[in-house]
Amino acid sequence: MKEVWTTLASMMGVWAFSQSLLQVLFPPEIRFAILKIIHRICNWFSAYCYYDITEIDGVNTNELYNAVQLYLSSYACVTGNRLSLTRGLNSSNITFGLSNNDSLIDAFNGVKVHWEHVVTPRNSQTFSWRPLPEEKRGFLLRAKKKDKSVVLGAYLDFVMEKANEIRRKNQDRLLYTNSRGGSLDSRGHPWESVPFKHPSTFETLAMDPQKKAEIMADLLDFANGESFYQRTGRAWKRGYLLYGPPGTGKSSMIAAMANFLGYDIYDLELTEVHTNSELRKLLMKTSSKSIIVIEDIDCSINLTNRKNNSSSSSSYNVSPPGSGGGGCGSSGGGSNSEDGGGNTITLSGLLNFTDGLWSCCGSERIFVFTTNHIEKLDPALLRSGRMDMHIHMSYSSFAALKILLKNYLGYSEDDVEKELLDQLEQVMERAEMTPADISEVLIKNRRNKDKAVWELLEALKTRAERNDNTSNNNAGKSRENNTIEDEEQEKRALLVESPKEGAGDELQEKCDKEKGHEVNDDEKVL
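Since this is a predicted model, take the numbers as computed values, not measurements.

Conventions and cut-offs
Residues numbered from 1 in each chain as written. Predicted model: local features only at pLDDT ≥ 70, side-chain atom pairs only at ≥ 80, totals over all residues. Heavy atoms only, no water. Pairing = 2+ DSSP bridges. Helix = DSSP H or I, 4+ residues; strand = E, 2+ residues; numbered from the N terminus. Axes fitted to C-alpha atoms, helices over the stretch in contact; angles between N-to-C directions. Contact = heavy atoms within 4.5 Å. Polar contact = N/O pair within 3.5 Å; in protein donor to acceptor, adjacent residues only side chain to side chain. Patch = residues over 30% accessible without salt bridge, like charges linked within 9 Å, V, L, I, M, F, W, Y side chains within 5 Å. Areas by Shrake-Rupley, 256 points an atom, 1.4 Å probe, with all protein chains shown as cover. Salt bridge = Lys/Arg side-chain N within 4 Å of Asp/Glu carboxyl O. UniProt positions renumbered as here; feature names shortened; annotations may be inferred. Buried < 20%, exposed > 50% of the residue type's maximum accessible area, 1.4 Å probe, protein only. Arc of directions from axis to C-beta. Expected span 1.5 Å × (residues − 1).

## Considering the sheet that holds strand 10 (residues 191-195)
Move 1: The strand order across the open sheet formed by 7 strands is 10-9-12-13-16-11-17, and the pairing between neighbours is mixed. A strand with exactly one partner marks an edge of an open sheet, and here the two such strands are strand 10 and strand 17 (389-392). Strand-to-strand twist in this sheet, taken as the mean axis angle between neighbours without regard to direction, amounts to 20°.
Move 2: Here strand 12 (residues 264-267) runs beside strand 13 (residues 290-294); their pairing, made up of 4 bridges, is parallel. Of the residues in strand 13, the one forming a bridge with Asp 264 is Ser 290.
Move 3: Lying over the sheet, helix 7 (residues 250-261) contacts strand 11 (237-243), strand 12, strand 13 and strand 16 (365-371), oriented at roughly 170° with respect to strand 16.

Here it is as structure tokens:
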């Protein structure tokens, strides 16, 4: 045993002497060059190429690292044995990720790549304005050399796109509103936000299924149409106008659109905007993949049809409804507020907001306007490019009624008696009830489902009878007015024509008697 240790010590001594001799004979520059040559020779004969994606690029965070981490999370939860779990800010979902020094294999269009999450201790930090983490993290991507163009091109673009989609799904949507008087928050933003938790979806929306399918297809075409808009030279935005009676589900439609696409909502209150420049600044501070909403535009700002006004004005008064300054239902062209409290926005400013050069500062934006009276809006707002798709939110149809029965009572079409369904279908069109009215009847009796359906039928019949009586009365008055007008026109025609001698005198006498005047014989002779 002693001889073994003696031999081992001798070998270590020879190795130390040789290493010292090599350092003397070969300076560091020569050794570095030799290692570099060996490394190039190895790479020349290797069939793979390697790419490092570090977490921090200098002092800035590498966005590609975060994108790869999100992208691999969708595969790590299936193939990984040791996972790293995270939950981001404003996120309701847990994200899976590769653990330290773990790896997996991915495939894209027949190309296989190998991902490895490399974590190593960081050397002693030098002076830096930004403290760095103790560990150095990064992804090592290995792929074959023949697939280099695909990996660096289409594959990494696919990773970024997929990561953005996962981030949008994981992150809670926000509902923004502009600050009062255009004031800024602590971060210098003119928008205040709260988490958006509205549960409305297209599945629960009480609307004709064919119409819903058309709207959903249009939204998907818009969300997936980046290349189309670039090819045609159009800004990547789209406008929707929701109009119809109150209670027909316009706000629920906006929430369903946001939940369907995963977009944030910016609820713009025009009464809090002072000038056109503030309106542009608000638009510049909105993010992409968002829905900009102006609800009840005919109530918040007086943009009536200029053709119906005797005097045109390029300035419109912005004031809250009921304040006497162009509120809901007003028909005059707005004028400047005498007390100085009202804000003034020009029609041109609003048009540029939706379809001007400033509206192109960003991408993938949807503008939604709602109104109860579409006839009050100026035609310049209604044309394509500003409001591309007009959606009429009408009274409930029988198809919408079946959706409401499923939502509130859990009833399908087979759970309701056929005779009862037939009665509901017959009276539905004449009743003209909004989804809000029907929902109130169902909510009030949701503990007794059968009672709820029968009470709804009675409410529909009552409303239908009232509408029929109103229509008949209006029709009778219209016929009576038409008859009186026809008689008066005949009398005037006879007076003008003066047919036979003496006939004019008799007709004149008859007319005078109808007016309550007594005509004597002397007046007749004269």
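We are not done yet, so read on.
## Examining the side chain of Asn 259
Move 1: Tracing the backbone shows Asn 259 in helix 7.
Move 2: Here the side chain of Asn 259 touches His 198 through a polar contact of 3.0 Å, landing on its backbone oxygen.
Move 3: Look past the residues within four positions of Asn 259 in its chain and what remains in contact with it is Arg 173, Phe 196, His 198, Pro 199 and Ser 200.

## What about a nonpolar patch on the surface?
Move 1: Together, Phe 17, Leu 21, Leu 22, Val 24, Leu 25, Phe 26, Ile 30, Ile 34, Leu 35 and Ile 38 make up an exposed nonpolar region whose accessible area comes to about 970 Å².
Move 2: Considering every element that reaches the nonpolar patch, the biggest residue donor is helix 1 (residues 2-25), with 5 residues.

## Points about the pattern of salt bridges
Move 1: Scanning the model with the defined rule gives 6 salt bridges in all.
Move 2: Ionic pairing is found between Glu 364 and Lys 289, a salt bridge with its closest N-O pair at 2.7 Å. Linking Glu 364 in the loop between helix 10 (347-355) and strand 16 with Lys 289 in the loop between helix 8 (276-284) and strand 13, this pair joins segments that are 75 residues apart in sequence.
Move 3: Between Arg 463 and Asp 437 there is a salt bridge, with the nearest N and O atoms lying 3.9 Å from each other. Of this pair, Arg 463 sits in helix 15 (residues 449-497) while Asp 437 sits in helix 14 (residues 435-444), and the two are 26 residues apart along the sequence.

## Let's talk about the UniProt feature "signal peptide" (unreviewed entry) in the protein chain
Move 1: Under the feature "signal peptide" (unreviewed entry), the UniProt entry names residues 1-16.
Move 2: A distance of 23 Å separates the end C-alpha atoms of residues 1-16, which is 94% helix and 0% strand.

## Section: helix 14
Move 1: All of the buried residues along helix 14 are Pro 435, Ile 438, Ser 439, Val 441 and Leu 442. The arc that holds every buried residue of helix 14, seen down its axis, measures 160°, which confines them to one face.

## A few points about unusual backbone geometry
Move 1: At Asn 109, a residue that is not glycine, the phi angle is positive and equals roughly 55°.
Move 2: You can see Asn 109 is positioned in the loop between strand 6 (103-108) and strand 7 (111-121).

## Looking at helix 12 (residues 398-409)
Move 1: Between its first and last C-alpha, helix 12 extends 16 Å over 12 residues, near the 16 Å set by a 1.5 Å rise per residue.
Move 2: Listed in full, the buried residues belonging to helix 12 are Phe 398, Ala 400, Leu 401, Ile 403, Leu 404, Leu 405 and Leu 409.
Move 3: Positioned one or two residues after helix 12, Gly 410 has a phi angle of 75°, which is positive.

## Quick look at the sheet that holds strand 1 (residues 48-54)
Move 1: The strand order across the open sheet built from 4 strands is 1-8-7-6, with neighbouring strands paired in antiparallel fashion. With one partner strand each, in any of the chains shown, strand 1 and strand 6 form the two edges of the open sheet. Across this sheet, the average inter-strand angle for adjacent strands is 25°, counted without regard to direction.
Move 2: Alignment of strand 1 against strand 8 (residues 135-144), held across 7 bridges, turns out to be antiparallel. For Ile 53, the partnering residue across the bridge sits in strand 8 and is Phe 139.

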